[in-house]
Structure formats: structure tokens, C-alpha cells
Number of protein chains: 2
Amino acid sequence: MTAAATPSRLDLDPGSVGLVQTEYVTFAEPPEEMILTSGARLGPVTLAYETYGELNAARSNAILVVHALSGNAHVAGRNSPDDRKPGWWDDMVGPGKGLDTSRYFVICSNIIGGCHGSTGPNSTNPATGKPYALEFPVVTIQDMVAAQARLIDHLGIDRLYGVIGGSMGGMQVLQWAVAYPERVRHALPLATTHRLTAQGIAFDAVGRNAIMADPGWRGGNYYGTPGPAHGLAVARMVGHITYLSEEAMRRKFGRRLQQEQDDYHYGFDSEFSVETYLDYHGKGFVGRFDANSYLYITRAMDYFDLGADWGGIGPALARTRARFLVVAISSDWLFPTIRSRKLVSHLQAAGRDVTFVEIDSSAGHDGFLVETEKMAALIEAFFAPDPP
Amino acid sequence: MTAAATPSRLDLDPGSVGLVQTEYVTFAEPPEEMILTSGARLGPVTLAYETYGELNAARSNAILVVHALSGNAHVAGRNSPDDRKPGWWDDMVGPGKGLDTSRYFVICSNIIGGCHGSTGPNSTNPATGKPYALEFPVVTIQDMVAAQARLIDHLGIDRLYGVIGGSMGGMQVLQWAVAYPERVRHALPLATTHRLTAQGIAFDAVGRNAIMADPGWRGGNYYGTPGPAHGLAVARMVGHITYLSEEAMRRKFGRRLQQEQDDYHYGFDSEFSVETYLDYHGKGFVGRFDANSYLYITRAMDYFDLGADWGGIGPALARTRARFLVVAISSDWLFPTIRSRKLVSHLQAAGRDVTFVEIDSSAGHDGFLVETEKMAALIEAFFAPDPP
């Protein structure tokens, strides 16, 4: 970069990785398609990915970041100097940060089934020349990870120094450690579970129902039309409630009315500031996320059951070779601490090297994204005995 | 009743109040309309109500049951011998039951704003000859209780032996005790709060958004059309998740697939039994509830703030003259025990006679309806020192 006459937004980010470019890799060209968990074939497959920092000569310092439901490959920095916001985990990834890009080569790719550059339901189906829509095959966490493994091959990396992610990202971390035991040195599943509870499935089902009940959804064939904007917004609203703790909501909004409103309006428009917040985030999501992707990704979460392919969680975890850092957020009620503890006891029963920390935070499930300082300190301490 | 040749469903209910009839009272005929909290006028107002047992000569044994969001006046018994199910709290109300109809005169009325016989948005607007729809004024918990007081006048009762209800019913109990201190001897607010938290408002907002986003809603003017069936079903699904504890869902459904399904279908139809349950209850609700009522009633819950009219919760509770039995359900996360404890400490600070019990139950918010045996024992012990 050269100093520009117009001030760049990059100046706003001290310790940033700076300007980054999203890259793309395509594989599984027919007739060598990926065979998915369901038995369906998918190809060609493109993954959008970004990297930060430098791969060392021994190729031993790569950390794969795996994202949650609404994430994408753009973890840190800005894709253009005018970008309104940096990547989704910019506080964590950069020189001197928790995932220190002066030491590690950090990689993140958008999942298959996603809508930010990787092959998903809004990609063109080569068989028809139109968007896949619901002809896109259902993908699983296993499939997402299998695709990531192809990217890691492409980058010439045998073994990852670490795989880290929260929520659905944590499911991918676990799947990596079990499916590719020799390729993962450190596994860091955050605010996650090895399988969803009934309540988790239920919230996913509500989101899908809201989308599919919207006439704008048109059985998934809404590309080129406004699409199921209302349904997707409602799904996102439900999501946001589950991402925040009751306490966080109370502190953030309480029963306050929106700005400049003194008394009740006695109507049904948003009046409480918590309503305005949900409205804003619901509608904002519509512009940046594909409703069909929401269906596919939540379904992948529902289906995930780490032990299922290996005769149980015990045999599955017995395969792993990684050191584990399992982190829970004390006020997370969507992926509560008890689910992490359950995972930890399975890991211990399997004789694995596991560190467990519950971060004391009122942030709720979102804590895995916002408690970056605490998380960074934990990660540094966890990596210290076994450097690249 | 005489013995019928065809077996009556009443035979299924030992200890039932038997056949009951819904009655109606109309008041507030123009120009004497009710003046609502909002300042709007509403009249005439009809309340649908039922009574069970006999009012004693001293008129001192009347207990008013106040219902929650989806309830109605039909608490116990059957309205016809063919009724598929008895009233919504049949386990609690009847001879020898928790609210013993051989001792008490039990009354329940459908709230104003409701859709089961009382004046609400689906009632005919006398000004237009058409259903009110959104021309129905926003009603508050205060208004609901003011209307109930008119019914109690009509029944010739000065002072109620008790007022009991859970969830939004509990809000009405509290409002009764504060607004009509001389008319309430025992107040039994169950699984409730004196004002919703941000999280509670947020869940209500999601339900309303789901309804209003459904094109079938037509700005509320859907009467005579299929209406916002999908939106209302989604609202009800969200509700059902909040009524059950995570543990109750786990026990009831776990990750089980629906009957006769061995493996994943890799699609978006309901597969997990928890999905089938939500589907069933969401769709079933559409046939028996008016979507506009859902908007009005949830808004009344949002607005409720017991202390607001009296300069704070302290002065409000200082007005009361009732003995209080506050009951919380240990696994209720929608109206958690901490909210009841908060209420109890306000009552104590105001020098009120209050008994607090947390029922140990995994049923979640639904516990106030299903833990009838425990609840009945509590109520009996609470009433014992101060009989009618």
C-alpha cells in the first residue's frame, strides 16, 4: 500500500492484517465429483478462502479458522480500502493478536452450502445453467470438512497446527480431529457441541419454517426475485435472541423504548429498543445472506452427530491425535457449558489431552466472538508448550 | 344428566365438574364505554365466562381463575358430551381437586382482546358492522382486569376469596391485587413476573413479526379469508420452545427421528420428532386462535409494568391487602425463578404476607399447568389458615 490522498479506512485498524483478497480454488470436476454423506455427487466445487500471514518453510504453522452459520471466508482486514467493516473476527486475527499472523499462517474458507463465494444453492448448477436452488444436495458437516481438506491439500499443507471455530465452527473442528487425526495438532472447539439437543434442532426448525412459509420462497426458486425476505428476517431474529443471554439483553436494552419515544404508542410497530434491534438485524441479514443457504446450513447442524459414523462418540474420539482446548461461555444457553463438559468427559474417557475453560461472561453464545481478549490469552497459553 | 344409551365422554372424567355452559355478560354500552389505558373507548364489551361450584350465602368463596395467552373461559368439564377434551385446567378445578368446587365458587372469563367469546379484534365493530381487526383498540392487562371486575360486580361478589393464574394470568393476578386491594383476599401469581424482561419482549416481537410478515395477514383484515396461517403457526412454534425446558425437550424428543424413519432423508421436511411436534402444535393452533388476538395479547404482556401507574413497584405493592402465594417452576426459563424472587423481595419490602415456593420440576414454563398435584397441595396448605 502507498499513502493515499483520501484517508483509507484501513487507518482505523491498528494491528490489522490490512488489505486482503479473497481467493478461489475449484476441484471435484466431473466425473471426479465429491461423494457426499447422503450419497449424492457434487462437482465442480469451489471454495472461497482467504489467508493471512506466511506459511513457514516447514509448513508447520497453519491454522484453519472454521466459521459459524452466518460467517464467511473474510475473517480479518478489509477487502478494499473503503470497506465499511473489517472481517468478522478481526479482533482475533492479526499481528500480535490471539491468532498472531506474525507467527501463524491463518486460513479460512467459506463452507460448501454457503453463499459467500463457495459452491452452494445460489451457485450455478452446471447441469441446467441455472442456480441450484433446492437441487443442491444436502451437505453435512462431514462434507464441509472434506471440502476444506481439499483446500488444505491445495495449499500444500499436510498437517494443520490448529483448527479453531465456534458454534457450528466448533462442530467442524471436532469433525476435523476425528476424520483427519493425523492432520490436526491442536483442536479448539469453542461454544459448541458434538451434537445438537432437541432444543437446538427446534430453533433451527423455526427458522426454516419461517423461510419456507414465506410465499417469496417459491419452493427455493426465488433467484432473480425479492425472495423470502420476511421469512429470512424472522429466522434471523429468532437466532439473535438465542445468541444473547437474558442478562446481556437486559443490560443492552432492558425495557427501554426507542429513542425519542416517551410513552407507549399503543400499536404494533417496534417501540422497545430490543424490537428495533431485532428488526434492524433481521432486515440487515436479508441483504447479505441467501435464504436457501440458511436451510442447508441449519440442516447440517441438526444432522451432525460426531460419533455416528464411528460406532459412538467414544470410538470416534479415540481416533483423534490432537491436543484439545474446549471453551464454553458461562451465559451461553444455546450451546451451554454442560454440553462442553459432556464433550470433555468423552475426551477424557478416550484418554485425550484436553484443557477445558469456561469463560465467565454475560455475553451469551456471542461470547465466543466478543470475548476476544480472554480467548486470546487462553489460546496463547494453550499453544505455548507445543509451538510450530 | 341422565344415563345415555351412547357412552358419554364425560364418563372419562372422574371427579369432573361435568357438563358446563359458557355464559356471557355485556356491559359498557355506549355512551358508557370503558375508558382504556390508552385513552381509547371500548363498548359494548362482552365477556364469555364459566362458573363451577356454588357461591355460598356469604358470597365469600369465589375464586377467579385468570388465563394465559392462549387460554379461554373453559377451565374445566366439557361443554358438550362429545367434547374431545375437557377444559384447559381440568386437573385443577373440580370436586376434591386443587380448586375444590365442592368448597369454592370458581369463575373464569376470556380476556378482552381474546378470541373465545369475549370482545376482541375478531368481534363486530358496531361502528362499521364488520370485524374490528386493527381498529380494535390496544388493551392492557389493566384493561383486562377492569373488565373482569365488571363481571365480578355482575355476579354480585364484593370480595374474591382468591385470584389465581399463571404466566400472563399471573400478571392479571398482580394487577387485581394492586388495583382492587379490598376485593382480593388471596393472590396466587404462578410462573410469572411483574414485568417482562427484554428477552420476553423479544420472543413476543418474533411472534408478531411472523404473523404480520405473512401476506395472508392483509394488515389485519383477513376475516373471511384463510388469514396468516403460516405466520401464526411459526409464532406458536417459537412459543412452544419457550414453554418447555431444554431437559423436558431432551426427555420428550431427544434426537429421535419421527416414527418409522430409520435414517436421515437429507431434505427439509420434518424428520426429527421435535420438528413433527412443533409442526403439529403450530398448525393445530391456527384452527383455534385468531392471529390478531395474538398481536393484542402479546402487546399487553410487553406493556405490563405493575409499578408504572403507582410511582414504582414499592408503592404499588404497598396498596395490596391480599395474602400472596408466589410459585415458580425451577426449570422455567421464560419466567424464571429469579423473576419470582424479585417480586417476592418487593412484596417483603412492602411488608406483605407472602409465601414463596419454587416447584422442582423439569417441565419448564408449562410446569404451572402440568404440575397439578404439587400445585394443588400448595394451594390447599396456603388457603388452610384463612378459609372462606
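Report follows, based on the coordinates. Fair warning: this is a prediction, and the values are worked out from it, not measured in the lab.

When helices and strands are tallied, chain A shows 11 helices and 14 strands. Relative to the globule expectation of 21 Å for 388 residues, the C-alpha radius of gyration of chain A, 21 Å, shows essentially globular dimensions. Here chain A holds 388 residues, and 57% of them are scored as buried. In chain A, 71% of the contacts between residues at least 6 apart in sequence involve partners at least 24 apart.

So, about the interface of chain B and chain A. Counting residues at the interface gives 41 residues for chain B, matched by 42 residues for chain A. Taken together, the elements giving at least two residues each to the side of chain B that touches chain A come down to α3 (198-213), α4 (229-243), α5 (246-252), α6 (273-286) and α7 (291-303) of chain B. If one sorts the elements of the side of chain B that touches chain A by residue count, α3 of chain B sits on top with 12 residues. The residue inventory of the side of chain B that touches chain A, partitioned by class, reads 25 nonpolar, eight polar and eight charged.

Our focus in this paragraph is the pairing of strand β8 (residues 105-109) of chain B. Residues and elements named next belong to chain B. Most of β8 is tucked away, with five of its five residues classed as buried. Neither face of β8 is exposed, since F105, I107 and S109 on one face and V106 and C108 on the opposite face are all buried. For strand β4 (residues 45-52) and β8, the ladder comprises four bridges, and the chain directions are antiparallel. Note on β8: the bridge partner recorded for E50 is C108. Pairing between strand β5 (residues 62-65) and β8: four bridges, direction parallel. Looking at the pairing, A62 lines up with F105 of β8.

For the rest of this paragraph, the subject is α3 of chain B. For α3 of chain B, which comprises 16 residues, the first-to-last C-alpha distance of 22 Å matches the rise-based estimate of 22 Å (1.5 Å per residue) to within 8%. Counting buried residues along α3 of chain B, 16 of its 16 residues qualify, which places the element largely inside the surrounding structure.

What follows deals with the environment of L42 of chain B. Residue and element names in this part refer to chain B. Here L42 is to be found in strand β3 (residues 41-42). The exposure class assigned to L42 is buried, which follows from the 21 C-beta atoms found within 10 Å. Taking the C-alpha atoms as reference points, L42 and K130, separated by 88 residues in sequence, lie 15 Å from one another. Every residue in contact with L42, bar those within four places of it in the chain, is listed here: A28, E33, M34, L36 and P137.

All names here are of chain A. Taken N-terminus to C-terminus, the directions of helix α3 (residues 198-213) and helix α7 (residues 291-303) make an angle of 160°; their axes are 10 Å apart at the nearest point. By the criterion of interaxial angle, the relationship of α3 to α7 is roughly antiparallel. The two elements α3 and α7 cross, and the hand of that crossing is left-handed. On α7, the residues touching I201, D204, G207, R208 and I211 of α3 are A291, Y294, L295, T298, M301 and D302. Residues of the contact of α3 with α7, tallied by class, amount to six nonpolar, two polar and three charged.

Right, let's talk about the relation of the copies chain B and chain A for a bit. With an axial shift of 0.0 Å and an RMSD of 0.0 Å, the rotation relating chain B to chain A amounts to 180°. Here the two chains are linked by the operation of a two-fold rotation axis. Most of the interface of chain B is mirrored in chain A: 100% of its interface residues are interface residues there too.

Reading the values: rules and limits
- Residues numbered from 1 in each chain as written.
- Chains lettered and ligands numbered in written order.
- Predicted model: local features only at pLDDT ≥ 70, side-chain atom pairs only at ≥ 80, totals over all residues.
- Helix = DSSP H or I, 4+ residues; strand = E, 2+ residues; numbered from the N terminus.
- Rg over C-alpha atoms; globule rule 2.2 N^0.38 Å.
- Buried ≥ 20, exposed ≤ 12 C-beta atoms within 10 Å, placed from the backbone.
- Contact = placed C-beta atoms within 7 Å.
- Nonpolar A, V, L, I, M, F, W, Y, C, P; charged D, E, K, R; others polar.
- Pairing = 2+ DSSP bridges.
- Expected span 1.5 Å × (residues − 1).
- Axes fitted to C-alpha atoms, helices over the stretch in contact; angles between N-to-C directions.
- Parallel < 35°, antiparallel > 145°, perpendicular 65-115°, else oblique.
- Left-handed = near helix turned anticlockwise from the far one by under 90°.
- Least-squares fit on C-alpha atoms with pLDDT ≥ 70 in both.

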